[in-house]
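Read off the chains here:
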Amino acid sequence: MKYYSTNGKAPEADLHKAVVKGLAEDRGLYMPEHIKPLPKEFFDNIDTLSFQEIAYTVADAFFGKDVEAESLKKIVYDTLAFDCPIVKVEDNIYSLELFHGPTLAFKDVGARFMARLLQYFIRQESNEQVNVLVATSGDTGSAVANGFLGVDGIHVYVLYPKGKVSKIQECQFTTLGKNITAIEVDGVFDDCQSLVKSAFMDEELNKHMKLTSANSINVARFLPQSFYYFYAYAQAVKKMKEEGKNQDVVMCVPSGNFGNICSALFGQKMGLPIKRFIAANNANDIFYNYLQTGKYEPKASKQTIANAMDVGDPSNFARIYDLYKGDHSEVCKHISGATYTDEAIAVTMRQCFSATGYILDPHGACGYQALKDGLKDNEIGIFCETAHPAKFKETVEGIIESEVAIPERLAEFMKGTKQSIELSKEFADFKSYLMKQ
Ligand SMILES: *Cc1c(COP(=O)(O)O)cnc(C)c1O
């Protein structure tokens, strides 16, 4: 499979190059040249298949020409070492719980898949170690670090702003050891990001060591997110059969950079019978406004309690735009929008908890509310619960006025010993540190 750039000014890449480079030379996002429809029989029998079986079929459609079958199967099966169940919250509304992975958020799926695919390509090429540099304001760092943890041939450097990530987030990437090094930068997130960018551009450093990124825009992190939409659909079919219902399935995705929802749209192109999508936003309403006006106007991001969605210029908008050939009415045919203030999110969390006992995290709350507001007759709605509420323990407890239990695997992280390297925000310091590795 070839991958082209959404900016149209870079040469096409094969999968290997698209994965190692992440971003195309013209700074566009890679898109697969074909999106292969899956046969009708697959969808007719999907409720009889396991998560891994479903995911392997989807993975094969994207990567089957570029990755040897047994290896691809192993990558898929190793990635999905945890379940993504749909859980009934109330009549016709289900939560797709994407928080059962190691860092309790959906980014685990993409990060784990990418780590294993990168390892596959490295092994084919040489035995040289590859170094992944990632700047994080919190969640990306933990998903990437845990995705790569213990993967041979790869070393990960996580750069994060000192004192500016939560304790829970920090321990998810500073306590791992092995092939993960946490670098605490005396600065803000943007300083971390610019250190990483400077490192990729530094010739001497790139001669000294092989560097790559693990951006969320990487096709190997982005496409695997489609797996759980197929599986969610399969589970919905099963539930409807049990209840003797036959409804249309609506998928609602709390969105920030729009990678997650975009992978769901790819699924629909492959034939997944999702009737329509809702992109649920917090107060960052750039996409919502685009749907209303047809104009895409990026803004500075606003800080909210659903902070993983505080994005003012969603990077995957370019992919959605490309998918529908820039046709605004086509986009609107498939996706509708919703936007919620922090106050509205808090009201939703409280109401849902008191009416159903289900504890939403602030991101999932946007998704749940968008279904409450937009679900029609004869529709069954599934929203993504993108993170476990315990990840935002203080916020959630303050809102629902009840305790949120910390899952065992999160508690484990918190017991570990923090190990980190402290550096200034000067590139010279970062470079001299890396040159010694
Ligand atoms: C990253 C993230 C999102 C947003 O996902 P996108 O793919 O960027 O739209 C939503 N919720 C949580 C908890 C996240 O970590």
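Every residue gets a number counted from 1 within its own chain, in the order that chain's sequence is written. Confidence filtering applies because this is a predicted model: local features only for residues at pLDDT of at least 70, side-chain atom pairs given and counted only at 80 or more, and all residues used for totals across whole chains, interfaces and linings. The basis for every side-chain value is the complete set of non-hydrogen atoms in the structure, without hydrogens or water.

Trainee: Explain the overall build of the protein to me, using residue names and the numbers behind them.
Mentor: Assigned secondary structure in the protein consists of 20 helices and 14 strands. Using C-alpha atoms as the atom set, the radius of gyration is obtained and then compared with a globule rule of 2.2 Å times the number of residues to the power 0.38. The C-alpha atoms of the protein give 21 Å as radius of gyration, which agrees with the globular expectation for 437 residues (22 Å, within 12%). Throughout, exposure labels follow a simple rule: accessible area from a 1.4 Å probe, protein chains only, divided by the maximum for the residue type, with under 20% read as buried, over 50% as exposed, and the rest as partly exposed. When burial is assessed residue by residue, the protein has 57% of its 437 residues classed as buried. For the protein, long-range pairs separated by at least 24 residues make up 73% of all intrachain contacts whose partners lie at least 6 apart in sequence. Each accessible area is a Shrake-Rupley estimate made with a 1.4 Å probe; only the visible protein chains count as cover when residues are assessed. Here the protein has roughly 17700 Å² of accessible surface; of this, 48% comes from carbon and sulfur atoms. The helix and strand labels rest on DSSP assignments: H or I over at least four residues marks a helix, E over at least two residues marks a strand, and numbering proceeds from the N terminus. Contacts between residues were defined by any pair of non-hydrogen atoms, one from each residue, lying within 4.5 Å.

Trainee: An account of the environment of Pro273 is needed here, citing residue identities and associated values.
Mentor: Note that Pro273 resides in the loop between helix H12 (259-269) and strand S11 (274-281). Classification of Pro273 as partly exposed rests on a relative accessible area of 35%. Pro273 sits 223 residues away from Ser50 along the chain, and the two C-alpha atoms are 18 Å apart. Aside from chain neighbours lying at most four places away, what touches Pro273 is Phe43, Tyr233 and Val249.

Trainee: I'd love a proper account of empty space enclosed by the protein, names of residues and values included.
Mentor: Both cavities and pockets are sets of points on a 1 Å grid over the protein atoms alone; in a cavity a 1.4 Å probe fits but cannot get out, in a pocket the set is open with protein on both sides within 12 Å along at least five of seven lines, and lining residues sit with an atom within 4 Å of a point. Grid points are joined across faces, edges and corners, and a volume is the space filled by probe spheres set on the points. Taken as a whole, this structure holds 3 cavities of 30 Å³ or more when the rule is applied. Lining the largest cavity are His16, Val20, Leu118, Phe121, Ile122, Glu125, Val130, Lys210, Leu211 and Thr212. Counting residues per element, the ones that place at least two in the lining of the largest cavity are helix H1 (15-21), helix H5 (107-125) and strand S9 (210-213). With 4 residues, H5 is the largest single contributor of residues to the lining of the largest cavity. Residue type decides the class: Asp, Glu, Lys and Arg count as charged, Ala, Val, Leu, Ile, Met, Phe, Trp, Tyr, Cys and Pro as nonpolar, and the leftover types, Gly among them, as polar. Looking at the lining of the largest cavity residue by residue, the class counts come to 6 nonpolar, 2 polar and 2 charged.

Trainee: Describe the site of the ligand, and please don't skip the residues or the numbers.
Mentor: For this purpose, a residue is taken to be near a molecule or strand whenever a single non-hydrogen atom of the residue falls within 4 Å of it. Around the ligand there are 15 residues in total, and Lys107, Gly256, Asn257, Phe258 and Thr386 lie nearest to it. Any N or O atom pair separated by 3.5 Å or less is treated as a polar contact, with the protein-specific requirement of one donor-capable and one acceptor-capable atom, and with residues adjacent in sequence counted only for side-chain atom pairs. A distance of 2.7 Å separates an oxygen atom of the ligand from a polar atom in the backbone of Asn257. Calculation on the ligand without its partners gives an accessible area of 380 Å², and the protein chains cover 95% of this total. Per-class residue counts for the shell around the ligand are 6 nonpolar, 7 polar and 2 charged.

Trainee: Which residues make up the packing of H5 against helix H6 (residues 139-148), and what values go with them?
Mentor: Packing of H5 against H6 leaves a shortest axis separation of 8 Å and a crossing angle of 40 degrees. Put simply, H5 runs oblique to H6. As for how H5 packs across H6, the hand of that crossing is right-handed. Facing H5, whose interface residues are Lys107, Asp108, Ala111, Arg112, Met114, Ala115, Arg116 and Leu118, H6 presents Ala143, Val144, Gly147 and Phe148. When grouped by side-chain class, the residues that make up the contact of H5 with H6 number 7 nonpolar, 1 polar and 4 charged. Convention adopted: a line fitted to C-alpha atoms gives each axis, helices being fitted over their contacting stretch, and angles between N-to-C directions are expressed from 0 to 180 degrees. For classification purposes, an angle smaller than 35 degrees is called roughly parallel, one larger than 145 roughly antiparallel, one from 65 to 115 roughly perpendicular, and anything else oblique. Whether a crossing is left-handed or right-handed is set by the direction in which the near helix is turned from the far one by less than a right angle, anticlockwise for left-handed and clockwise for right-handed.

Trainee: Hey, could you go over the sheet that holds strand S14 (residues 421-423) for me, with residue numbers and the actual values?
Mentor: Criterion used throughout: strands pair if DSSP finds at least two bridges between them. What the 5 strands build is an open sheet, ordered S9-S6-S7-S8-S14; its pairing is parallel. Both outer strands of the open sheet, S9 and S14, are each paired with one neighbouring strand and no more. Put simply, the sheet's adjacent strands are angled 30 degrees from each other on average, direction ignored. Examined bridge by bridge, strand S7 (residues 154-161) and strand S8 (residues 180-185) share 6 bridges and lie parallel to one another. When the bridges of S8 are listed, Tyr160 appears paired with Glu184.

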